[in-house]
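# Observations on the model geometry
Listed below, chain by chain, are the residues.
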Amino acid sequence: MTWYKVAKDGNMKDGDLAKVKVDGIEVLIIKDGDNYFATSYLCTHEEYDLSEGFMDNHELICPNHFATFNPKNGEVISPPEGSGSISPLKSYKTKVENGDIMVELQ
Ligand code: FES
């Protein structure tokens, strides 16, 4: 596993979502309060780009059909109405070091 710098701490505000590409992998960086989280960026329902989504009450929401995910671990909070269950997002570890937001990828 390797840590990668993805952004500067302080450049994202609460609720911001940013898609970054590290080592060929695109990852969604989420700022929720003082915390940063990282998940895969494609909704597991119909692969909508979650960087176009939004945060509401600590939940990551896909704007396409309103699936909601837990940004801490990628778990599905609620699938789109009538869709049945959907898969969780991949979740990646994050940390802030020397003013940089870091994500751990394999
Ligand atoms: S594509 Fe995200 S809820 Fe349908």
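Definitions and limits used
Residues numbered from 1 in each chain as written. Predicted model: local features only at pLDDT ≥ 70, side-chain atom pairs only at ≥ 80, totals over all residues. Heavy atoms only, no water. UniProt positions renumbered as here; feature names shortened; annotations may be inferred. Helix = DSSP H or I, 4+ residues; strand = E, 2+ residues; numbered from the N terminus. Rg over C-alpha atoms; globule rule 2.2 N^0.38 Å. Buried < 20%, exposed > 50% of the residue type's maximum accessible area, 1.4 Å probe, protein only. Lys, Arg positive; Asp, Glu negative; His and termini not counted. Salt bridge = Lys/Arg side-chain N within 4 Å of Asp/Glu carboxyl O. Contact = heavy atoms within 4.5 Å.

The name an unreviewed UniProt entry assigns to the protein chain is Rieske (2Fe-2S) protein, from the organism Cuniculiplasma divulgatum. Within the UniProt record for the protein chain, the comment given under Cofactor (unreviewed entry) is "[2Fe-2S] cluster".

So, about the overall build of the protein chain. For the protein chain, the helix and strand inventory stands at 0 helices and 11 strands. Counting helices and strands in the order they occur from the N terminus, the protein chain gives β-β-β-β-β-β-β-β-β-β-β. Relative to its length of 106 residues, the protein chain is compact, with a C-alpha radius of gyration of 13 Å against a globular reference of 13 Å. Taken along the three principal axes of its C-alpha coordinates, the protein chain extends 45 × 25 × 20 Å.

Among the structural elements, Asp 32 can be located in strand S3 (residues 25-32). One buried charged side chain, Asp 32, makes no salt bridge at all; its nearest oppositely charged neighbour is Lys 72, positioned 6.5 Å away. Ignoring any residue separated from it by four or fewer positions in sequence, one finds Asp 32 in contact with Asp 14, Phe 37, Met 55 and His 58.

Let us now look at the UniProt feature "domain: Rieske" (unreviewed entry) in the protein chain. The sites that UniProt annotates as "domain: Rieske" (unreviewed entry) are residues 3-103. From the first C-alpha to the last, residues 3-103 spans 5 Å; its make-up is 0% helix and 47% strand.

Here the focus is the pattern of salt bridges. One pass over the full model with this rule turns up 5 salt bridges. One salt bridge connects Lys 8 with Asp 100, and the closest N-O pair in it is separated by 2.9 Å. Here Lys 8, found in strand S1 (residues 2-8), pairs with Asp 100, found in strand S11 (residues 100-105); they are 92 residues apart in sequence, far enough to count as distant. Put simply, Lys 13 and Asp 16 hold a salt bridge, and the shortest N to O gap is 3.5 Å. Taken together, the shared-partner salt bridges connect Lys 5, Lys 8 and Asp 100 into one network.

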